[in-house]
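Geometric and topological summary
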Amino acid sequence: MKIAIDGPAGSGKSTIAKILSKELNLPYLDTGKVYRAFAYIAKEEGIDMTNTKQVLSLFDKAPVVHISVAKTEVSIGGKCLDVELKGEDTGRYASMMGSIPEFRERMVKFFRKLVGDAQVVAEGRDVGTHIFPDAPIKLFITASLEERARRRFLELSGVSFQEVLKALAERDKRDMERPIYPFKPAEDAIIVDTTGKSIEQAVEEVLRIIKGRAIKLRE
Ligand code: DC
């Protein structure tokens, strides 16, 4: 079984996806982290984002990705990257790369090859719509912009709330307006709004939905 979890930054999708991965004992794929790793390499190499050939050349130095329960590990040149990838600046760069059609298409193939026929809990912006459109369970986790910005603000250091709010609004807009695979819920995704909910409440709701869906699939 593949479980696709999409949603904007700060919606709680990563926390929910990791908990589900543990509960169901399935590997966890954070596609955003892989986008961020590519963005990190692009920044380091001074890649010109308007030059598609240069952007695609990044696949020759693609990060090594390893997925396991509640973990997506990415390493570049033998070095494991994690905190280096978390900032809003890398998120902005990743979002810009995600709007390049040829790059997106290659990324979809990259993720499909990585997972193959295995079961997985995968999260991102286009998992249910494009990476694994046949996933039997699709969730779209969302929350109000203010609440998402508040959550991100508490995670990051050295930035003001207003800066985070502006960065998230810009990222949402770019992701939703990109030319191919624009960010939106899959038609068969179940929408979960986590505004005003604790993580425990949100996880409880998601587990209830998944159990209900699994029972329906078995019928
Ligand atoms: O999930 P995240 O915030 O770490 O993702 C960072 C950016 O990467 C996001 O704003 C857009 C891009 N991204 C994407 O285009 N498609 C994905 N499946 C995951 C991330």
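In this report, we go over the structure that sits alongside the text. This is a predicted model, so every value here is computed, not measured. (Residues numbered from 1 in each chain as written. Predicted model: local features only at pLDDT ≥ 70, side-chain atom pairs only at ≥ 80, totals over all residues. Heavy atoms only, no water.)

Below, the discussion takes up the sheet that holds strand S5 (residues 79–81). One open sheet accounts for three strands, arranged S3-S4-S5; its pairing is antiparallel. Two strands close off the open sheet at either side, each with one partner strand: strand S3 (64–68) and S5. Strand after strand, the sheet turns through a mean of 30° between neighbouring axes, direction not considered. Taken together, the three bridges between strand S4 (residues 71–76) and S5 define a ladder with antiparallel strand orientation. Bridge pairing in S5 places Ile76 opposite Lys79. Contacting S3, S4 and S5, helix H2 (residues 31–45) runs over the sheet at an angle of about 15° to S4. (Pairing = 2+ DSSP bridges. Helix = DSSP H or I, 4+ residues; strand = E, 2+ residues; numbered from the N terminus. Axes fitted to C-alpha atoms, helices over the stretch in contact; angles between N-to-C directions. Contact = heavy atoms within 4.5 Å.)

Right, let's get into unusual backbone geometry. Even without a glycine there, the phi angle at Asn25 is positive, about 55°. Among the secondary structure elements, Asn25 is positioned in the loop between helix H1 (13–24) and strand S2 (28–30). Of note in the backbone geometry, Ala70 takes a positive phi value of approximately 60° without being a glycine. Residue placement: Ala70 occurs in the loop between S3 and S4.

Turning our attention to the pattern of salt bridges. With the rule as written, the count across this model stands at 19 salt bridges. Close ionic contact of Glu84 with Lys79 constitutes a salt bridge, the shortest N to O distance being 3.5 Å. Judged by its relative accessible area of 29%, Glu84 is partly exposed. The salt bridge partner of Arg104 is Asp126, with a shortest N-O separation of 2.8 Å. Residue Arg104 is found in helix H5 (residues 101–115), and its partner Asp126 is found in the loop between strand S6 (120–124) and helix H6 (127–131); the two are separated by 22 residues along the sequence. Because the salt bridges share partners, they merge into one network encompassing Glu88, Arg152, Glu155 and Arg171. (Salt bridge = Lys/Arg side-chain N within 4 Å of Asp/Glu carboxyl O. Buried < 20%, exposed > 50% of the residue type's maximum accessible area, 1.4 Å probe, protein only.)

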